[in-house]
Amino acid sequence: VVNQYYEAQVYDVFVIKGNTAVFKCQIPSFVSDHVDIMSWQDTQNNRYLPPSNDYVVSQSYTANVMDESVLKGNTAIFKCHIPSFVSDFVNVISWLEDDKRDIVTQDDLDSKYLVLPSGELHIKDVGPEDGYKSYQCRTRHRLTGETRLSATKGRLVITGLM
């Protein structure tokens, strides 16, 4: 971590009496991604805090999982397709196999199932029995805390060398 000196500035705002004045804290662009405004303070040392997190607006979205084709014995990769308008706020937290078994991130790299930090589900050494299973991704919205399953279930289409 590098400690970078910067100065935030607030400029005078002219407003007609009775109207609302809006002040903006000007933060240099080279640190703006790493700085949050915690409060405001006036010349009489009154502190003004931002409102609680009640201002987060829940926006409906639908995640989808598509069928994947894979050669028998290879590794299959399922992706959870999340709409771009919420993708910065939504993470895949697990996968559901056949509406029963939760598959979560594991440290065991020898496991048949592996959930990557990107949310992809890897299924190793695919066999004919894997073609009968379905997979859904479970997502969590990091601002609202809401979790939901994908609207569609993906299946494996397993092909073999002939």
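One can find the structure itself at the top, above this paragraph.
A short tour of the structure in this document, coming up.

How each quantity is defined
- Residues numbered from 1 in each chain as written.
- Predicted model: local features only at pLDDT ≥ 70, side-chain atom pairs only at ≥ 80, totals over all residues.
- Heavy atoms only, no water.
- Helix = DSSP H or I, 4+ residues; strand = E, 2+ residues; numbered from the N terminus.
- Disulfide = S-S within 2.5 Å.
- Buried < 20%, exposed > 50% of the residue type's maximum accessible area, 1.4 Å probe, protein only.
- Pairing = 2+ DSSP bridges.
- Axes fitted to C-alpha atoms, helices over the stretch in contact; angles between N-to-C directions.

1. Topic: the environment of F30
Assignment of secondary structure puts F30 in the segment before β1 (40-41). Considered as a pair, F30 and T147 are 117 residues apart in the sequence and their alpha carbons are 34 Å apart.

2. A word on the state of the cysteines
Within this structure, the stated rule accounts for 1 disulfide. Paired by a disulfide, C80 and C137 hold their sulfur atoms 2.0 Å apart. Judged by the torsion about the S-S bond (50°), the C80/C137 disulfide is right-handed. Here C80, found in strand β6 (residues 80-81), pairs with C137, found in strand β11 (residues 134-141); they are 57 residues apart in sequence, far enough to count as distant. Pair check on accessibility: C80 and C137 agree, each one buried.

3. A few points about the sheet that holds strand β9 (residues 113-115)
Taken in spatial order, the 3 strands line up as β5-β10-β9 in an open sheet, and their pairing is antiparallel. A single partner strand is all that each edge strand has here, and the edge strands are β5 (76-78) and β9. Each strand axis lies, on average, 20° off the axis of its neighbour in the sheet, ignoring direction. The sheet contact formed by β9 and strand β10 (residues 121-123) spans 3 bridges and is antiparallel. Across the sheet, residue V115 finds its bridge partner in β10, namely L121.

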